[in-house]
Amino acid sequence: MAISLAESVHIGFSDIWTRKVRSIVTIFGIILGVMSIMVVLAIINGMNQSTMAWMMERGGLSRIDVQRNWGYDFSKGGKAEFDLKEINFIRSQIPEAAAFNPKVGAGEMELTQRGKSYNADLSGVMPDMTLVDEWQPEKGRFIKHIDIEQNNNVVVLGSTAARELFGSRDPIGKEVGVRIETQSYTSTGEFESTLSTHQLTVIGVMSEKFMEGNGGFGGNPLEYRNRQAFVPISTMINKLSPALKITELEIKAKDTETAPALRRKVEELVLNLKQGKRLFMVASATEQMQQMKQSSMIFSSIFVMIAVISLLVGGIVIMNIMLASIKERTREIGVRLAIGARRRDIFVQFLVQTVMITSLGGVLGIVSGYAILDLVAGFLDIKVAASMQMIWVALMVSVGVGLIFGVFPAVRAGNLDPVLALREE
Amino acid sequence: MDVIRLSRLVKDYSLGKIKVRALCGLDLSITKGEFVAIMGPSGSGKSTLMHIIGCLDRPTEGEYYLDEQLVSAVPKSELAQIRNKKIGFVFQSFNLLPHLNIQKNVELPLMYSGDSLRKRTQRAIEILASVGLSDRLKHKPSELSGGQRQRVAIARAIVNNPSILLADEPTGNLDSQSGGDILEIFNRLHKDGNTVIMVTHDPAVAARADRIIRIMDGAIVDGNIAG
Ligand SMILES: Nc1ncnc2c1ncn2[C@@H]1O[C@H](COP(=O)(O)OP(=O)(O)OP(=O)(O)O)[C@@H](O)[C@H]1O
Ligand SMILES: [Mg+2]
C-alpha cells in the first residue's frame, strides 16, 4: 500500500516547482558536468571522424608510407634518399604488396602553355600511384610502365592545374612547357644558372579531389592535390631534374590486417639497406589510426575525469542542499507521518525528488551542451559529432548522481521520529 | 465495547543519563462513541498520552488495545497504517502543509491509503463542505483564518473515517468565537457517533464532554470510570 512512483513524481514536481530558484541553483554543478562531458566527447568524436575521412581520402588504412626521418641526426652521416637500384630491390622483396610507388618531389614548377603559366606541385611517380592513393584520372590515362621505361615526356595534370592552363579546352594531347633551371660552374669557375623549357605532352587529367572543410582550413582541404602534376619518375630524374633523389615511398598492403606486418618488413629492409641508420620513418595508416584512437582515449578520459569530479562536487552540493531542505521541512515530514505516510513513502519522496533534480540537470546539461557545440562548430569550423549514445550516457550519469547522493538525505528523512518532527519549529 | 484499553502504561524519556517518567502505570478504558476530555497541569503527560493513543509513539511498558488489537505489540513499521486508517489527529497548531491548497491537504491521508485521485477529490470536497469550506478549496492555508485552518485540519482528520478522533488543545491558538465554532464541530461529530478524545485547559470546554479525565504527574487522578 505504498504510494505509487507516479505519486512521488507528482509530489516531486510540485516540490521542485515551489522551490524553483533553489532547484536551479542546486543543479548548476550537474548541468556543468553533463555539459562538459557532452561537449568534450562530441568534439573528440568529430575529430576522430574527420581524421578517419582524411585517411580514407589518402587511400585508406592499408597504406604504408616511407618518409625522411626528421628526428634523425644527419651529422652522423647518411642521406635520406633511394636510388633506382635500391627501389627495385625493395620492390622485389615485397611481392605481397598490392601497390608500390616511389616518389620524387620537385616542388613548385612553372608550367607554361601558349603564354599562360601556372605553378604546379610537380612529382615524378610510378603507375601504382593510382592504386596507392585510390585516385584515377578523369580524362585520358595515367602514367604507364612503358612511360617509365622510355623516359617519355608526358604529364598528368591535377584538375585545377588543367583548368588554369587550358580553361575549358581539352588538354589531352596538348603540349605544356616546364621551366627548368640548371645550375653549373663554367670553365672559368663562375656559377652559372641557365633556364630552359622542356616540352611535355598532357596524357591525362586527374579527377577532382574534394572533402568537407574542417579543422579551420575552410574550403576544400584537398585542394592542394588538384594543384599537382605528375610525370614518370624516370623522366623526372633523367631529364628534368637530375639532382633530385627518391625520398618518399608509398606502399599499399593487400588489406588492413596485413599492413602492420608489411610495415615491419619494409622497415627492416630499409634499415638494412641503409646500414642500420634510421634515415627513414616507416608508418602504416592503420597503426597511426590506432595510435590516434589511443591518444584521443587518453585525452577524453582526462576530460571525462574532470567532468566526473564536477559531477561528484555537484552531487555533494545537492546532498547538502537536500539535507538542509529536509531539516527545514521536518515538520512537514512529521505531519505526513502522523496522517499515515510510511517511512518508505518519505524515503521514496525525497529520493525521487533528488533524482528528478539531477535528471533535470542532465537534460539542461544536454541542451546547453548542444547549444555550445553549435557555437563551437560554427566559430571554429570544426566537425562535432554528438551521438544518441552520449545522450543516454549523460542521462544515466545524472540519474546515477541523484541516486547516490539522494540516498543519505532520504534515509535521514525517513528515519525522523514523528513526535519529535512535529515538535520542530 | 471499548475502543481503547490501556493497562499499566509507562512512558520513559531518557535525557542522556537522566530518565524522565512521563507516564507511570496508567490504566484507562474508553467506550466507542464516547466524548472524553483530558485535563491536567502543564507537563503532566497529556500530550505524551495522546501520542501513544495516536500511535505516533510507543509505550515503554504496558499494553494498549485499539479496536481489540494489541497495538503496543505492533512493529513501528506497521503503525503508519494504523495511523492512516484508525486515527484522526487535530493539533493545536493546525499542522497543514503550507505549499498545498486545502483540498490537497485534506486528500493527503487518502493518498497514503492508496485511493484513486477521483475518489480522493470527491471525498475531500464532500468533507470540506461538511465543515463549511466549499468556497475555499483552492486556497492555501496561509490565506485562511485560524478557525478556518483548524476546520481544514478537522476535515483532514476525519476524511478516512477513523475509529478515534484525537485533539490536543484544538482551541488553544484560537479566539473564543472561532474556538466555539470548532467545539461545535466536535460536538456534532460526537453526536454522529464518533469517539472524540480532547485535551483542554478550559473547564467550560471540558464540561461538554461525557467524561473528564484528570491527569497529574503521569497518572490519572480522577474520572477513570466511564460516566
Ligand atoms: N521528547 C521528550 N524528551 C524528554 N522529555 C519529554 C519529551 N516529551 C515530553 N517530555 C516530558 O514528559 C513530561 C510530559 O510532557 P507532555 O508534553 O506530555 O505534557 P503536557 O501535559 O502535554 O503539557 P502541556 O499542557 O504543557 O502541553 C514533561 O515533563 C516533559 O518534559
Ligand atoms: Mg501538551
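Up top you'll find the structure we're talking about.
The rules behind each value
- Residues numbered from 1 in each chain as written.
- Chains lettered and ligands numbered in written order.
- Predicted model: local features only at pLDDT ≥ 70, side-chain atom pairs only at ≥ 80, totals over all residues.
- Heavy atoms only, no water.
- Near = heavy atom within 4 Å.
- Polar contact = N/O pair within 3.5 Å; in protein donor to acceptor, adjacent residues only side chain to side chain.
- Areas by Shrake-Rupley, 256 points an atom, 1.4 Å probe, with all protein chains shown as cover.
- 1 Å grid on protein atoms, 1.4 Å probe; cavity = no way out; pocket = protein on both sides within 12 Å on 5 of 7 lines; lining within 4 Å.
- Sits in = over half its atoms within 2 Å of the grid points.
- Helix = DSSP H or I, 4+ residues; strand = E, 2+ residues; numbered from the N terminus.
- Buried < 20%, exposed > 50% of the residue type's maximum accessible area, 1.4 Å probe, protein only.
- Core = buried A, V, L, I, M, F, W, Y, C linked by side-chain atoms within 4.5 Å.
- Contact = heavy atoms within 4.5 Å.

On to the site of ligand 1. As a matter of local geometry, ligand 1 sits amid 15 residues, with B:Ser42, B:Gly43, B:Lys46, B:Ser47 and B:Thr48 nearest to it. Residues close to ligand 1 are split across chains A and B. Between ligand 1 and B:Gly43, the relevant distance is 2.8 Å, taken from an oxygen atom to a main-chain nitrogen or oxygen of the residue. Within the contact set of ligand 1, an oxygen atom lies 2.7 Å away from a side-chain nitrogen or oxygen of B:Ser47. Expressed as a share of its isolated accessible area of 630 Å², the protein-covered part of ligand 1 is 71%. In this structure, ligand 1 is accommodated by the largest pocket. Only helix H15 (418-423) of chain A together with strand S1 (2-15) and helix H1 (46-53) of chain B provide two or more residues apiece to the shell around ligand 1.

Turning next to helix H7 (residues 159-166) of chain A. For an α-helix the count is 3.6 residues per turn, leaving residues at separations of three or four pointing the same way. All names here are of chain A. Burial within H7 is extensive, with 6 of its 8 residues counted as buried. Taken as a whole, H7 has its buried residues at Ser 159, Thr 160, Ala 161, Ala 162, Leu 165 and Phe 166. Positive backbone phi, at 60°, marks Gly 167, one or two positions downstream of H7.

The next subject is the nonpolar core. Membership of the largest hydrophobic core comes to 80 residues, with the highest contact counts inside it found for B:Ile4 and B:Tyr64. Ignoring any residue separated from it by four or fewer positions in sequence, one finds B:Tyr64 in contact with B:Ile4, B:Arg5, B:Leu6, B:Ile52, B:Ile53, B:Cys55, B:Gln69, B:Leu70, B:Val71, B:Ser72 and B:Ile164. A:Ala80, A:Ile237, A:Leu240 and A:Ile246 belong to the second-largest nonpolar core, a separate cluster that totals 59 residues.

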